[in-house]
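An overview of the molecular structure
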Amino acid sequence: MNGGFRSLHPLTCVLYYVGAIALGMVMTHPLFILTLIGLTTLLIALHGELASLGRLLKYYAPLAILFVLANPLFSHRGRHVLTYAFGQPITLESLLYGLISMGTILALLIIFTSYQAVITPPKFLRVFGTLFPKTALMTTVAVRFVPLMRRRLMEIATVQRTKGIDVTEGRLTKRVSDGMKLLQLLLSVSLEEALQTADAMKAKGYGTGLRGRFEEYHFSPSDRVVLTSLVALAAACLAGRMQGYGDFPIFPVMQ
């Protein structure tokens with residue numbers, strides 16, 4: 001699916017995510033955080049990436065709940081005491097601070113999930129490749145490196161399992177030894193692929209002249225309208241923040 005938001009110019013999409021991340025860290029009011037979570041989740045649903053978000057939340061939810069419960073146990077600031085645990089007061093302010101922090105982190109995680117679904121490596125290179133060609137290429141390779149190594153490791157483990165090398169069976173010493181063998185094979189394969197990639201790029205003359213592009217993106221009238229709207233909304237939010245809106249003071253006195 002390449003329609004809708006994905007069809008916009010990469011620069012427009014990148015600026016949207018930059019603004020969303022910046023406002024997500026600057027605005028601390030629960031209403032703003034909930035709105036940001038809701039709209040970004042809707043964007044992910046339109047892109048058909050709810051399954052990826054669900055896998056992310058499966059690991060995030062227990063940590064978030066643990067953080068919300070642990071924060072009042074270590075921080076006892078606040079005037080509104082709800083109860084006592086282990087002889088220490090549990091305050092409403094500390095509980096709300098944990099909830100707001102959890103919501104902010106959740107909003108940023110959802111934004112990054114949407115970013116991965118929209119900003120593909122060609123789009124990232126289109127935006128930053130002209131100004132920082134080497135840095136943009138290294139960043140793209142680094143982002144791609146983790147899932148690639150994970151896939152390679154699964155392939156190597158499947159093949160080596162036929163030879164009796166399995167990290168899920170046997171004694172601890174055997175599993176550790178088998179794991180080291182798998183990592184050694186993975187390192188060898190990764191280095192070989194890196195050398196092949198470097199030779200291929202050198203043969204194609206990378207960095208010796210004007211760089212061509214696999215995909216061309218044109219700044220359309222829709223991009224101008226969306227970008228102007230985004231800049232206006234971001235400016236309005238920042239102006240309101242300077243006037244005191246978008247803030248939810250908790251310490252020393254909750255308002």
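Residues numbered from 1 in each chain as written. Predicted model: local features only at pLDDT ≥ 70, side-chain atom pairs only at ≥ 80, totals over all residues. Heavy atoms only, no water.

**A short note on the state of the cysteines**
For the structure shown, the criterion picks out zero disulfides. Cys13 forms no disulfide, and the closest cysteine sulfur to it belongs to Cys237, at a distance of 19 Å. (Disulfide = S-S within 2.5 Å.)

**Observations regarding helix 8 (residues 221–242)**
Residue pairs spaced three or four apart in an α-helix point in one direction, given the helix's 3.6 residues per turn. Relative to the 32 Å expected for 22 residues at 1.5 Å per residue, helix 8 spans 32 Å between its end C-alpha atoms, a close match to the ideal helical length. Within helix 8, burial applies to Asp223, Leu227 and Gly240. Buried residues of helix 8, viewed axially, fall in a sector of 160°; they line one side. Facing away from the buried side of helix 8 by over 90 degrees, the exposed positions are Pro221, Val225, Thr228 and Leu233. (Helix = DSSP H or I, 4+ residues; strand = E, 2+ residues; numbered from the N terminus. Expected span 1.5 Å × (residues − 1). Buried < 20%, exposed > 50% of the residue type's maximum accessible area, 1.4 Å probe, protein only. Arc of directions from axis to C-beta.)

**Things to note about the confidence of the model for the protein chain**
Close reading of the predicted structure is inappropriate where its pLDDT is low. Considering every residue of the protein chain, the mean pLDDT works out to 80; 93% of them sit at 70 or more. The secondary-structure element of the protein chain with the lowest mean pLDDT is strand 1 (residues 81–85), recorded at 75, while helix 8 shows the highest, at 88. (pLDDT = per-residue confidence, 0-100.)

**Topic: the packing of helix 1 (residues 10–26) against helix 5 (residues 121–128)**
The geometry of helix 1 relative to helix 5 is characterised by a closest axis approach of 9 Å and an angle of 90° between their N-to-C directions. For the element pair helix 1 / helix 5, the angle class is roughly perpendicular. Where helix 1 abuts helix 5, its residues Pro10, Leu11 and Val14 lie against Lys123, Arg126, Val127 and Phe128. In the contact of helix 1 with helix 5, the residues fall into five nonpolar, no polar and two charged. (Axes fitted to C-alpha atoms, helices over the stretch in contact; angles between N-to-C directions. Parallel < 35°, antiparallel > 145°, perpendicular 65-115°, else oblique. Contact = heavy atoms within 4.5 Å. Nonpolar A, V, L, I, M, F, W, Y, C, P; charged D, E, K, R; others polar.)

**A closer look at the nonpolar core**
Membership of the largest hydrophobic core comes to 28 residues, with the highest contact counts inside it found for Phe5, Tyr17, Ile111 and Ile119. Listed by contribution, the elements that provide at least two residues to this core are helix 1, helix 2 (30–46), helix 3 (50–74), helix 4 (92–118) and helix 5. Counting residues per element, this core draws most heavily on helix 4, which supplies seven residues. If we skip the residues at most four places from it in the chain, Tyr17 touches Phe5, Leu43, Ile111, Ser114, Tyr115, Val118 and Ile119. Judged by nonpolar contacts, the second largest core, of five residues, contains Ile156, Ala157, Ile165 and Leu186. (Core = buried A, V, L, I, M, F, W, Y, C linked by side-chain atoms within 4.5 Å.)

**Structural notes on the packing of helix 6 (residues 133–161) against helix 7 (residues 172–203)**
When two helices pack together, their arrangement is given by the angle between the helix axes and the distance between those axes. In the contact formed by helix 6 and helix 7, the axes pass within 10 Å of each other and the chain directions differ by 135°. By the criterion of interaxial angle, the relationship of helix 6 to helix 7 is oblique. The hand of the helix 6/helix 7 crossing is right-handed. Along the contact surface, helix 6 presents Leu137, Leu148, Met149, Arg152, Leu153, Ile156, Ala157 and Gln160, while helix 7 presents Leu182, Leu185, Leu186, Val189, Ser190, Glu193 and Met201. Residue classes in the contact of helix 6 with helix 7 are distributed as eleven nonpolar, two polar and two charged. (Left-handed = near helix turned anticlockwise from the far one by under 90°.)

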